[in-house]
There are 2 protein chains.
Amino acid sequence: MKDKTSNTSDNGIDRRKFIGRSATLATAAGAGAMTGLTAGTALTSKPAQAAENTANIGPGDLDDYYGFWSSGQSGELRIVGVPSMRELIRIPVFNRCSATGWGQTNESRKILTEGLLPETREFLKTRGGIFLNGDLHHPHMSFTDGTYDGRYLFANDKANTRVARIRLDVMKCDKIIEIPNAADIHGLRPQKFPRTGYVFANGEHRVPTPNDGSVLDEPEKYHAIFTAIDGDSMTVAWQVMVDGNLDNCDADYQGLYAMSTCYNSEEGVNLAQMMSSEQDWVVVFDLKRIEAGVKKGDFKTIKGVPVLDGRKGSPYTRYIPIPNSPHGCNAAPDGKHFVINGKLSPTVSVIDVTRLPDLFSDKIKPRDTIVAEPELGLGPLHTAFDGRGNCYTTLFLDSQSCKWNIDKAIRAYNGEKVDPIIDKLDVQYQPGHNHTSMGETKEADGKWLVSLNKFSKDRFINTGPLKPENEQLIDITGEKMKLVHDGPTFAEPHDCIIVRADIVNPKSVWTRDDPMWAEAREWAKKDGVNLDAESKVVRDGNKVRVYMTSVAPVFSMEKFSVTEGDEVTVFVTNLDNIDDLTHGFTIAIYGIAMEVAAQATASVTFIADRPGVHWFYCQGFCHALHMEMRGRMLVAPKSV
Amino acid sequence: MKDKTSNTSDNGIDRRKFIGRSATLATAAGAGAMTGLTAGTALTSKPAQAAENTANIGPGDLDDYYGFWSSGQSGELRIVGVPSMRELIRIPVFNRCSATGWGQTNESRKILTEGLLPETREFLKTRGGIFLNGDLHHPHMSFTDGTYDGRYLFANDKANTRVARIRLDVMKCDKIIEIPNAADIHGLRPQKFPRTGYVFANGEHRVPTPNDGSVLDEPEKYHAIFTAIDGDSMTVAWQVMVDGNLDNCDADYQGLYAMSTCYNSEEGVNLAQMMSSEQDWVVVFDLKRIEAGVKKGDFKTIKGVPVLDGRKGSPYTRYIPIPNSPHGCNAAPDGKHFVINGKLSPTVSVIDVTRLPDLFSDKIKPRDTIVAEPELGLGPLHTAFDGRGNCYTTLFLDSQSCKWNIDKAIRAYNGEKVDPIIDKLDVQYQPGHNHTSMGETKEADGKWLVSLNKFSKDRFINTGPLKPENEQLIDITGEKMKLVHDGPTFAEPHDCIIVRADIVNPKSVWTRDDPMWAEAREWAKKDGVNLDAESKVVRDGNKVRVYMTSVAPVFSMEKFSVTEGDEVTVFVTNLDNIDDLTHGFTIAIYGIAMEVAAQATASVTFIADRPGVHWFYCQGFCHALHMEMRGRMLVAPKSV
C-alpha cells in the first residue's frame with residue numbers, strides 16, 4: 001500500500017506504515033509489556049513480509065493496483081482496488097444502469113446500437129431498441145510491447161455476441177460491436193506485440209452460417225468462428241472458420257500466433273457427445289499467413305467480413321491434441337510458453353511457441369510442440385504467472401490453487417525425477433479464473449494472486465439462496481502461497497486483471513470537446529445554442545429541445561413547458577469544474593435518470609405523453625442544498 | 001468479528017482472534033525482539049480495544065452485523081457485512097438487473113407492475129411496461145416492540161413515487177406499490193411499536209391533486225401528501241395533506257406519533273423561494289386521532305385512498321417551528337427524544353415526545369416541545385445514537401461527525417454552563433446520512449458508526465470523472481470516535497441500517513411452495529405438468545410453454561423447437577438442492593437471462609421473432625462441465 005507522502009520500497013513494504021502499526025500494537029498490548037520492542041528494533045530486524053503483505057489498506061492509504069473485474073451476467077465492468085479488494089466503481093457496458101442512465105441517454109444508446117448488425121437492430125425494435133443484458137467474462141487491457149499501455153479495456157459478451165471497448169481516460173465504454181457469423185463470444189484477448197492491434201474473440205458455440213433458420217437441427221452444418229477485431233477502429237479485421245469449437249484464447253509475445261482451446265472437437269450438441277472423445281485440441285492461428293491470405297483474397301465475404309477457411313488441412317491453422325476438454329489458455333510472461341489447462345484431464349499442457357514455425361512448415365507433428373504436461377490435480381481451469389518461472393493453476397474440483405514451476409515440469413517431461421509442484425493451497429471454493437498482478441504481461445511482478453471462486457457457501461454471513469462469489473487474495477511473494485482476504489462479489493465475475501496503478505491515469509473532469517457528446521454539439525450548433533453556457537428551449541414542430549446547464553445547487557432552468565405528445569430532448573451540461581462534483585438529472589414518474597459528471601453533457605429523448613407537473617431533480621448529492629436542486633417540467637394536455 | 005468455532009465476548013473482542021494477531025506480530029518483528037511480549041501477557045494486560053475494533057475480518061471469519069445499504073439512483077438494495085464493509089450481495093428492486101433477470105422474468109414483472117396505478121401502467125405501455133430505474137434512499141427493517149424483527153425491509157423510490165418491500169427470508173423484493181396523490185417519495189420509516197404495522201412515507205414535492213395537467217404553473221394549488229402504508233398488505237392505509245413539504249420522517253417508540261421535517265414551508269418552486277424563510281418546521285402526526293378520523297369518515301377519497309386534511313388548524317397535525325430548512329428526523333433509542341437536524345442552521349432541535357399530548361390538546365405551544373437546541377457546526381443533516389445517551393450528527397459543510405450528549409444539551413438549554421459536544425472527527429468528505437449499529441432501535445449497542453460521505457475525491461485511486469462515495473466506519477466504543485475504514489461504494493447510497501446478525505436468518509435454498517412462482521404453478525396445473533419434475537413443451541395456438549428442469553450440469557432438454565412469431569414462455573425449475581447451487585438460463589442473441597437459485601422456478605415470456613439456432617446456456621458457473629450446460633432453441637422461419 002502507498003499513500004501520497006511516503007514511498008513504497010521495492011519489496012512492497014511501506015516503512016512508514018510499518019512504524020505506524022508497531023506503535024499501535026505497543027499501545028494495544030500495554031506499554032509495560034513492550035519494553036523489548038521498539039519501532040527501531042522492529043525495523044532493523046528481518047523484514048516483516050508476513051505481517052505487511054495484507055489486504056488491510058488503512059483509511060487514506062491507496063491501493064497499489066487497479067483490478068479490472070468482469071461481472072459475468074451482471075454485464076458491467078468493475079474497478080476493484082488491490083490489495084484492499086474494495087469495489088471502487090462500476091462501469092456499465094452491456095447492462096442497463098439505473099444510476100448513470102446507461103441504456104437511456106442518447107450518448108449511451110448510440111454506443112449500444114451503432115455496432116449492431118442490421119437484423120439485430122430490427123429484432124430489437126419491439127424490445128426498446130437495445131439489449132438490456134450481457135454476460136461479460138474477460139476484461140483485458142490494450143498492450144504495447146508486451147505490457148499494458150493504459151489506453152483501453154476490451155471485453156466480451158457471451159449472451160449477445162458482442163465485444164466492447166472501455167476508454168480508460170474516462171472509464172466509460174465507447175464502442176460495442178456485434179460480431180457477425182460467430183455465436184456467443186467467449187474467450188477474448190488482445191494482441192500483446194507490437195501493440196493492440198488485434199483483439200481476438202472466440203465464438204464458442206457452433207451455429208449455421210448464416211443463422212437465419214434455413215438450417216436448424218442439422219448440427220453437421222454448424223460452424224465455429226474465430227474473429228480478429230481491429231482494436232483501434234473496432235471493426236472486424238478478419239475471421240477464421242475452424243473445426244470443433246472455441247473456448248478460451250491468448251496471444252503470444254511476438255505478434256505471430258494466437259491460439260484457442262476447443263472442448264468440443266466432437267462437434268456435439270449435448271453433454272454426452274461433447275465429452276465422448278479422450279482428446280480435444282488447441283487450434284493455433286498463424287497471423288502472418290492469415291494476413292497474407294486476406295491480402296490475396298483467399299476468403300469468402302460473409303456479412304461484410306472476410307472469412308478464411310481454417311478447418312483442418314488449412315495453411316492458416318494447426319490443431320494440437322490436448323487431453324480431454326481443455327479450458328484455459330495462458331501465455332507465460334517468459335514469452336515462450338503457453339499453458340493449456342486440462343479441465344477434465346488432471347494435466348496442463350505446456351506449448352513452446354518457438355516450435356510453432358516448424359509445426360506450420362510441417363517439420364514437426366502437432367504434439368511435438370508440447371514440452372511439458374504435469375499432472376496437477378482435479379479440474380485445472382486457468383493458470384497465472386509470477387514472472388519468476390512459476391505458475392498458479394486453479395483446480396476447480398480439488399478447490400485448490402496449485403503452484404508449480406515450468407522449468408521443473410519440462411525437466412520432468414524429459415524424464416528427470418523432479419516434482420514440478422511447489423505448493424497447494426485450499427481455496428473456498430471451486431475456483432474458475434485466477435490472475436496475478438501484471439501476470440499476463442512481460443512485467444509480471446509476482447506479488448498478488450486472486451482466485452475467483454464460484455462458491456462461497458459458509459464464508460460470509462448468509463445472504464439467502466443467492467450467495468456471493470468469493471475472490472480470494474493470496475500473497476505469492478514467498479515460497480508458499482498465503483491467503484490474506486476473502487472478497488465477496490455479486491454475480492458473477494469470471495475473470496480479472498490486476499494492473500499497476502501508475503499505468504492507469506484517468507481524468508477527474510471531462511474535457512468539453514470529448515467525442516462522447518458529439519451529437520449534442522451538432523444539435524446545439526444547428527439550434528444556434530452555445531452548449532457550454534446557454535439555456536434555451538427550441539421548438540421544431542412537435543420536437544422540443546431543452547438546453548440547460550447545472551451549477552450546484554441549481555439547474556439553469558426553474559421550469560420548462562411542453563405539450564402532451566411532444567418528443568422532448570433534454571441536454572444537461574454540468575458546468576461545475578471540480579473533482580467529484582457529479583450531478584444527476586431525474587424526471588419524476590417518467591422513468592428518466594442520467595449522470596452528468598463534471599464538465600460533461602448528457603442528453604435524453606422521450607415522448608412527453610404524461611400531462612401534469614413533473615419535477616426534475618439532481619439525484620447526485622452535490623451540495624448542502626441538494627434537495628432544493630430541482631425544477632418543473634410542465635406538460636400541458638393535448639386538448640388544452 | 002466472530003467465526004463458527006469461537007465465541008465473541010461481550011465487548012466485541014474475539015479472544016481467539018487476538019491471540020492469532022499477537023502471534024503474527026511476534027513473528028513479524030523477529031522472535032528475538034519479542035521476549036517481553038507473549039500472547040499470554042497481552043491477554044492479561046489492558047484490553048486492546050484500539051487494535052481490535054477493526055474492519056479487518058480475516059478469511060473465514062464472519063461479520064457481526066448485516067448492513068442493509070440503499071444505493072440511491074442505482075435503484076437496488078445492497079447487503080454489506082459490518083465491520084468488514086464488504087458488499088456481499090445486491091438485491092434488485094427498482095432497477096433492471098442483468099444478472100438475475102429482474103425486470104424480465106414473469107415473477108419480477110408481476111411485482112414491478114401489479115402495484116402501479118392504472119395511468120402509470122398505461123404510460124409504461126410504450127416503454128416496455130416497467131420503469132427501468134429508481135432512486136432508493138431509505139431502507140428500514142420491520143419492527144416489533146421497538147426493535148428489528150427480521151421479517152422485511154421497506155424502501156422508497158423518489159424517482160417514480162414507489163415503496164418496496166423486501167422479504168428477508170429469501171432476500172428478494174416481493175411487493176412494490178406506487179403511492180397515489182403524493183409525489184416523489186423521500187423520507188420513509190416503519191412504525192416501531194407495537195409493530196410494523198404502518199410504513200410512513202413522505203411525498204417530498206408539492207404537485208396538483210390530481211396531477212393530470214388541469215393545473216400546471218399554479219404552485220399555490222400544489223399539495224404535499226404524507227402516507228401511511230399497511231406493511232402487511234402493502235396497501236395505502238390513509239394519507240394526510242399537509243402544508244409545506246415533507247422531507248425525512250421517523251416514528252416514536254410508543255406507537256402514538258410520527259413526524260416529518262419540512263424544508264419548504266414557503267411552498268416555493270425555486271431555490272430563492274425555498275430558502276427565504278428563517279424558520280421551517282416539523283409536522284407531527286397524531287396516529288390515534290387520524291385513525292379515529294378515518295373511522296368517522298373525515299376524509300376525501302382520492303384515487304381510492306382516504307386523504308385527511310392535515311393542514312394548519314387540523315386536529316391531526318401540529319407544526320413545530322425549527323430553524324431554517326431542517327433535514328434529518330431521528331427518534332432516539334431512549335424512547336423519549338427526537339432529534340431534528342438543522343441543515344442550514346448549525347443547530348439540532350431536540351423534541352420531547354412526552355410533551356406531544358399537551359401540544360395536541362393545546363395546553364402548550366409548539367416550541368414548548370423543544371427541550372434542547374445545541375449548536376453543533378455547519379450543515380447538520382442526520383443524527384445516530386449509541387444507546388448511552390450520546391448522539392452522532394453529520395456536519396455536511398464541516399465534513400465532520402459530531403458526538404454530543406442529549407442530557408448535557410438539555411441542561412445547556414436550561415441555562416446550565418455545560419458543553420454538550422464531546423468529540424468531533426473529520427470525515428472524508430461531506431457526510432449525508434449516518435447510522436450506528438442497531439441505532440434506530442431500543443437495542444442500540446454503540447459499537448459502530450458509519451458515515452456515508454458523498455465525496456471521496458482523493459481517498460481512493462482515481463476512477464475517472466465518476467468517483468465512489470465513501471462510507472467510513474468509525475469505532476464508537478470509546479470516548480473519542482476512531483476512524484477505522486474507508487469504504488468506497490458505487491452511486492449513491494443515501495442511508496443504511498446496521499443489524500445484529502442473529503436477527504436475520506435467511507434460507508439457503510428456496511422451498512418449493514414459495515409464493516414467488518405461484519403463477520408458474522397455476523400454468524403447470526392447467527397444462528397438466530408436474531413443475532417439480534417434468535419436461536414438456538405445451539402448444540396452445542401460437543403460445544408455447546416450455547417446462548424444463550436443471551441439475552448441474554444439464555438442462556432436462558437438449559433442444560426445443562418453436563416457430564417464428566410464437567409467444568414462448570420458458571419455465572426453468574432448478575432441482576439442485578444444495579447451498580449456493582444457483583443456475584442461470586440465458587438465450588443467446590435474444591436478450592434473455594435469468595437467475596434460477598436452488599429449488600426455485602423462474603419463467604420468462606418472449607416472442608420468438610428471430611429464426612435460427614439459438615443456444616440457451618447456464619450463465620451461473622455451477623459445475624466443472626458448466627460450459628457444456630447448454631441446449632438449443634430452434635426457431636423455424638414462418639414460411640417453412
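As a reminder, the structure under discussion sits directly above these lines.
Now for a description of the structure that goes with this document. (Residues numbered from 1 in each chain as written. Chains lettered and ligands numbered in written order. Predicted model: local features only at pLDDT ≥ 70, side-chain atom pairs only at ≥ 80, totals over all residues. Heavy atoms only, no water.)

**As for helix α7 (residues 287-295) of chain B**
All names here are of chain B.
Right, on to step 1. Within α7, burial applies to Leu287, Ile290 and Gly293. Burial along α7 is one-sided: seen end-on, the buried residues are contained in an arc of 120°.
Right, on to step 2. Looking at the buried side of α7, the elements it contacts are β9 (198-203), β11 (235-242), β13 (257-262), β14 (279-286) and β16 (305-309).
Right, on to step 3. N-cap assignment for α7: the residue whose side-chain oxygen lies 3.2 Å from the backbone N of Lys288 is Asp286. (Buried < 20%, exposed > 50% of the residue type's maximum accessible area, 1.4 Å probe, protein only. Helix = DSSP H or I, 4+ residues; strand = E, 2+ residues; numbered from the N terminus. Arc of directions from axis to C-beta. Contact = heavy atoms within 4.5 Å. Polar contact = N/O pair within 3.5 Å; in protein donor to acceptor, adjacent residues only side chain to side chain.)

**Examining the sheet that holds strand β40 (residues 630-636) of chain B**
All names here are of chain B.
Right, on to step 1. One open sheet holds the five strands; their spatial order is β34-β40-β39-β36-β37, and the pairing between them is mixed. The open sheet has two edge strands with one neighbour each: β34 (559-563) and β37 (592-596). Ignoring which end each strand starts from, the neighbouring axes of this sheet average 20° apart.
Right, on to step 2. Of the strand pairs in this sheet, strand β39 (residues 612-617) and β40 are connected by six bridges, and their pairing is antiparallel. Residue pairing across strands places His614 opposite Met633, the latter belonging to β40. (Pairing = 2+ DSSP bridges. Axes fitted to C-alpha atoms, helices over the stretch in contact; angles between N-to-C directions.)

**Section: the nonpolar core**
Right, on to step 1. Grouped together as the largest cluster of nonpolar side chains are 53 residues, with contacts concentrated most on Phe68(A), Val93(A), Met141(A) and Val499(A).
Right, on to step 2. In terms of nonpolar packing, the next biggest core, distinct from the first, is built from 52 residues, Ala491(A), Ile91(B), Tyr148(B) and Leu531(B) among them. (Core = buried A, V, L, I, M, F, W, Y, C linked by side-chain atoms within 4.5 Å.)

**A short note on the relation of the copies chain B and chain A**
Right, on to step 1. Rotating chain B by 180° and moving it 0.0 Å along the rotation axis overlays it on chain A with an RMSD of 0.0 Å. Here the copies are linked by what is in effect a two-fold axis.
Right, on to step 2. By residue overlap, the copies meet face to face through one surface: 98% of the interface positions of chain B are interface positions in chain A. (Least-squares fit on C-alpha atoms with pLDDT ≥ 70 in both.)

**Some remarks on the pattern of salt bridges**
All names here are of chain B.
Right, on to step 1. The tally for this structure, following the rule as stated, stands at 91 salt bridges over all chains.
Right, on to step 2. Measuring nitrogen to oxygen at the nearest pair gives 3.6 Å for the salt bridge that ties Asp286 to Arg289.
Right, on to step 3. Where Asp486 meets Arg459, a salt bridge forms, and the shortest distance between an N and an O atom there is 2.7 Å. One end of the pair, Asp486, is in strand β29 (residues 482-489); the other, Arg459, is in the loop between β27 (448-453) and β28 (469-475), with 27 residues separating them in the sequence. For the residue pair Asp486 and Arg459, the accessibility class agrees, reading buried in each case. (Salt bridge = Lys/Arg side-chain N within 4 Å of Asp/Glu carboxyl O.)

**Focus: helix α9 (residues 406-413) of chain B**
All names here are of chain B.
Right, on to step 1. Along α9, the residues classified as buried are Ile406, Ala409 and Ile410. Looking straight down α9, one finds its buried side chains confined to an arc of 100°; they lie on one side.
Right, on to step 2. The elements touched by buried residues of α9 are β19 (337-341), β21 (370-372), β23 (390-395) and β24 (400-405).
Right, on to step 3. Its side-chain oxygen 3.0 Å from the backbone nitrogen of Asp407, Asn405 forms the N-cap of α9.
Right, on to step 4. In the stretch just after α9, Gly415 is the one whose phi turns positive, near 105°.

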